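The chain contents come next:
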Amino acid sequence: MTAPDPRCGIIALIGEPNAGKSTLLNRMVGAKVSIVTHKVQTTRTRVRGIALKGPAQLVFVDTPGLFRPRRRLDRAMVKAAWGGAADADVTLLLVEAHRGITDGVRSILNSLATQLPPNRTVALAINKIDRVQAETLLALSAELNALRAFAATFMISAERGYGVDDLMEWLAEQVPAGPWLYPEDQIADLPLRLLAAETTREKLTLRLHQELPYELTVETEKWEDRKDGSVRIDQIVYVARDGHKGITLGPKGTTIKAVGQAARAEIAAFLGREVHLFLTVKVRPGWLEERERYGEIGLDFSDGEP
């Protein structure tokens, strides 16, 4: 049931890879809707998480990290990130406290003027504040606000939750008056097939982070709701080279088995029902240049054109 005098708006989370956008999104939503790893560039598409704060429904868009693109996939990810920011009511820039104003942060600050409408509300969140001293935080905040006049600045730790409630209170005041876009109990606007594939890709990335995190993708091939209330999910893990298949499978299939067990448990917890997950690894050398693969992971193939 929608609250009286409802408010609703879209908030885009932007920043460098690994700035903590996915962690913050999951923290504000109160559930895991975006994959989180210690590897950069793991978020590939725009993930919408939905949270309620008083009469306001906040629709968060976790965008791919902004970086200098080299491949088609990189270019499509960066285009999706700026597209998500341009469509939002409020844009929140995350900067890592311990890294400060990097070349990447300066590039994002320079691009804000050209990529966003002139009247867009842009706020700053300095994340991972538990890693630095208070004096460093204050100096960083002053320097960033000298480079751009932010609507507001917040000091947060997305991982620990420090300052996140104050940030959400402010965001709830910024979004426009209007009806909610989603039902009260919905926490994500992402097809379940894609959410399940992203969960498996996260487990693969965590397991194979030193080998091939960017050379694989996961697609949900079949989704069967069974009469007993369980669901059967068949997924394909595409890798770019023959050698990658052996790495992904592991000795006697131990790696893919462990990945499947971890992914199945997380998908089942999210869906609230039993899951039967079956993974197949296939070699597809040119998947990074295939239009169909981009559609499956929620990106526009043409956005990757040079």
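Nothing here was measured: the structure is a model prediction, and the numbers come from that model. (Residues numbered from 1 in each chain as written. Predicted model: local features only at pLDDT ≥ 70, side-chain atom pairs only at ≥ 80, totals over all residues. Heavy atoms only, no water.)

A. Spotlight on the overall build of the protein. Counting secondary structure elements, the protein contains 9 helices and 10 strands. Looking at the 306 residues of the protein, the share that counts as buried comes to 51%. Taking the contacts inside the protein whose residues are at least 6 apart along the sequence as the reference set, 72% of them involve residues at least 24 apart. (Helix = DSSP H or I, 4+ residues; strand = E, 2+ residues; numbered from the N terminus. Buried < 20%, exposed > 50% of the residue type's maximum accessible area, 1.4 Å probe, protein only. Contact = heavy atoms within 4.5 Å.)

B. Spatial organisation of the environment of Ile 233. Tracing the backbone shows Ile 233 in strand β9 (residues 231-239). Through-space distance from the C-alpha of Ile 233 to that of Lys 222 is 5.7 Å; in sequence the pair is 11 residues apart. Those residues in contact with Ile 233 that sit more than four places away from it in its chain are Ala 196, Thr 220, Lys 222, Trp 223, Ile 267, Val 275, His 276, Leu 277 and Phe 278.

C. Structural view of the pattern of salt bridges. What the rule picks out here adds up to 12 salt bridges. In this structure, Glu 198 engages Arg 201 in a salt bridge whose closest nitrogen and oxygen atoms are separated by 2.9 Å. Taken as a pair, Glu 198 and Arg 201 lie in helix α6 (residues 192-207) at a separation of 3 residues, close to a single helical turn. Each member of the pair, Glu 198 as well as Arg 201, carries the same accessibility label: buried. Two residues, Glu 266 and Lys 203, come together in a salt bridge whose shortest N-O distance is 2.7 Å. With Glu 266 in helix α8 (residues 254-271) and Lys 203 in helix α6, the pair connects residues that are 63 residues apart, well separated along the chain. We classify Glu 266 as partly exposed; its relative accessible area is 24%. One network of salt bridges, in which partners are shared, links Glu 16, Glu 96, Arg 99 and Lys 128. (Salt bridge = Lys/Arg side-chain N within 4 Å of Asp/Glu carboxyl O.)

D. Layout of the packing of α6 against α8. Taken N-terminus to C-terminus, the directions of α6 and α8 make an angle of 140°; their axes are 9 Å apart at the nearest point. When the axis of α6 is compared with that of α8, the two are oblique. Considering how the two elements wind past one another, α6 and α8 form a crossing that is right-handed. Contact residues: α6 offers Leu 192, Leu 195, Ala 196, Thr 199, Thr 200, Glu 202, Lys 203, Leu 204 and Arg 207, while α8 offers Thr 254, Thr 255, Ile 256, Ala 258, Val 259, Ala 262, Ala 263, Glu 266, Ile 267, Phe 270 and Leu 271. Of the residues in the contact of α6 with α8, the class split is 12 nonpolar, 4 polar and 4 charged. (Axes fitted to C-alpha atoms, helices over the stretch in contact; angles between N-to-C directions. Parallel < 35°, antiparallel > 145°, perpendicular 65-115°, else oblique. Left-handed = near helix turned anticlockwise from the far one by under 90°. Nonpolar A, V, L, I, M, F, W, Y, C, P; charged D, E, K, R; others polar.)

E. Expanded view of unusual backbone geometry. Residues other than glycine seldom take positive phi values, yet Lys 128 does so here, at roughly 65°. Locating Lys 128 in the fold gives a position in the loop between β5 (121-127) and α4 (134-147). For Lys 128, a relative accessible area of 15% puts it in the buried group. A positive phi angle is found at Lys 252, which is not glycine, with a value near 55°. Locating Lys 252 in the fold gives a position in the loop between α7 (242-249) and α8.

F. A look at helix α3 (residues 103-115). Relative to the 18 Å expected for 13 residues at 1.5 Å per residue, α3 spans 18 Å between its end C-alpha atoms, a close match to the ideal helical length. Those residues of α3 that fall on the buried side of the exposure criterion are Val 105, Ile 108, Leu 109, Ser 111 and Leu 112. (Expected span 1.5 Å × (residues − 1).)

From the geometry alone we can't say anything about function, so treat these as descriptive.
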